[in-house]
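Take a look at the letters that make up each chain.
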Amino acid sequence: MHDRPRVPTLSLTRIVLSCGRSVELTELRLTPTYGDMPAGYPCRPVNDLRIRALLHTAAGLSPTVPVHLIPPPREYPDQYAGAFGPVETLPRVACLGRFSSMPLAPAKDPVAHRSGLTVIWFQPTTRVPDPYDADPALRQVDWTSLAQDYELEGMPYGP
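Draft legend 1. Focus on the overall build of the chain. A tally of regular secondary structure across the chain gives three helices and six strands. Going residue by residue from the N terminus, the α and β elements of the chain occur as β-β-α-β-β-β-α-α-β. Every one of the 159 residues in the chain was classed for burial, and the buried ones make up 36%. Long-range pairs, those at least 24 residues apart, make up 72% of the contacts in the chain between residues at least 6 apart in sequence. With an accessible surface of roughly 9,900 Å², the chain has 58% of that area assigned to carbon and sulfur atoms.

Draft legend 2. Looking closely at the packing of aromatic side chains. Applying the stated rule across the entire model yields one aromatic pair. When the ring of Phe99 is compared with that of Trp121, the centres are 6.1 Å apart and the planes differ by 45°; the resulting orientation is tilted. Here Trp121 lies in strand β5 (residues 113-123) and Phe99 lies in strand β4 (residues 93-101), a separation of 22 residues in the sequence. You'll find Phe99 and Trp121 in the same group, each marked buried.

Draft legend 3. How the structure looks around empty space enclosed by the protein. Applying the stated criterion to the full structure yields one cavity of 30 Å³ or more. As a volume, the largest cavity reaches approximately 50 Å³. Surrounding the largest cavity, Ile15, Leu17, Val23, Phe99, Leu117, Val119, Leu138, Val141 and Trp143 form its lining. Each residue belonging to the lining of the largest cavity can be placed in one class, and the counts come to nine nonpolar, no polar and no charged.

Draft legend 4. Local environment of the confidence of the model for the chain. Confidence in the prediction for the chain averages 85 pLDDT; 88% of positions are at 70 or higher. Of all secondary-structure elements in the chain, the lowest mean pLDDT belongs to strand β6 (residues 148-151), at 88, while strand β3 (residues 67-69) reaches the highest, 97. Within the model, pLDDT remains below 50 along residues 1-8, and this stretch shows zero contacts once partners closer than five positions in the same chain are excluded.

Draft legend 5. Quick look at the environment of Glu151. Mapped onto the elements of the fold, Glu151 is located in strand β6. Look at Glu151 and you get partly exposed, because its relative accessible area is 39%. With 42 residues separating them in the primary sequence, Glu151 and Asp109 have C-alpha atoms 9.3 Å apart.

Draft legend 6. Inspection of the side chain of Thr13 at higher detail. Note that Thr13 resides in strand β1 (residues 13-16). At a separation of 3.4 Å, a polar atom in the side chain of Thr13 contacts the main-chain carbonyl oxygen of Pro129. Beyond its immediate chain neighbours, meaning those up to four positions away, Thr13 contacts Val23, Glu24, Leu25, Val128, Pro129 and Pro131.

Draft legend 7. Spatial organisation of the nonpolar core. Ranked by size, the top nonpolar core spans 17 residues in total, and within it Ile15, Phe99, Val119, Trp121, Leu138 and Trp143 carry the most contacts. Secondary structure elements with two or more residues in this core: β2 (22-32), β4 and β5. The residues touching Ile15, leaving out its near neighbours within four places in the chain, are Arg21, Ser22, Val23, Phe99, Pro129, Asp130, Pro131, Ala134, Leu138 and Arg139. Judged by nonpolar contacts, the second largest core, of eight residues, contains Ala58, Leu90, Leu96 and Phe122.

About the thresholds
Residues numbered from 1 in each chain as written. Predicted model: local features only at pLDDT ≥ 70, side-chain atom pairs only at ≥ 80, totals over all residues. Heavy atoms only, no water. Helix = DSSP H or I, 4+ residues; strand = E, 2+ residues; numbered from the N terminus. Buried < 20%, exposed > 50% of the residue type's maximum accessible area, 1.4 Å probe, protein only. Contact = heavy atoms within 4.5 Å. Areas by Shrake-Rupley, 256 points an atom, 1.4 Å probe, with all protein chains shown as cover. Phe/Tyr/Trp six-rings, centres within 6.5 Å; stacked < 30°, edge-to-face > 60°. 1 Å grid on protein atoms, 1.4 Å probe; cavity = no way out; pocket = protein on both sides within 12 Å on 5 of 7 lines; lining within 4 Å. Points joined across faces, edges and corners; volume = space filled by probe spheres on them. Nonpolar A, V, L, I, M, F, W, Y, C, P; charged D, E, K, R; others polar. pLDDT = per-residue confidence, 0-100. Polar contact = N/O pair within 3.5 Å; in protein donor to acceptor, adjacent residues only side chain to side chain. Core = buried A, V, L, I, M, F, W, Y, C linked by side-chain atoms within 4.5 Å.

Quick look at the structure:
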């Protein structure tokens, strides 16, 4: 008897959250954290503006599912403070990912419904999250209180 080839999934990767739920990364956008920074330096006002812009972008990409920000680590290198305060840096890569999973409500048909959440996080590299070694903050997302169910009908490409 021949082994069947693994059926490919339509997601970029699958992550098992700390609660045990498996979620699929269906879309991932990576951008340099400071790629389009006007003249200046990384500081709290610039970083807060960047985070607000990412939240706005995420809300526009998928208005049917909620958006969650994983608070980024902020570092304060020993550099001269400018007019907007001390230098404050975020990890190099801003990530915007759309995740989906089985529906939250057990009464919903898993063929016609999914649950979805758009997550924003920052990381030092452009690496796609690994199913077995994803960032602990990403694995700690409280899916049951943050995600929302949606119906697949009329949404041919996911949330």
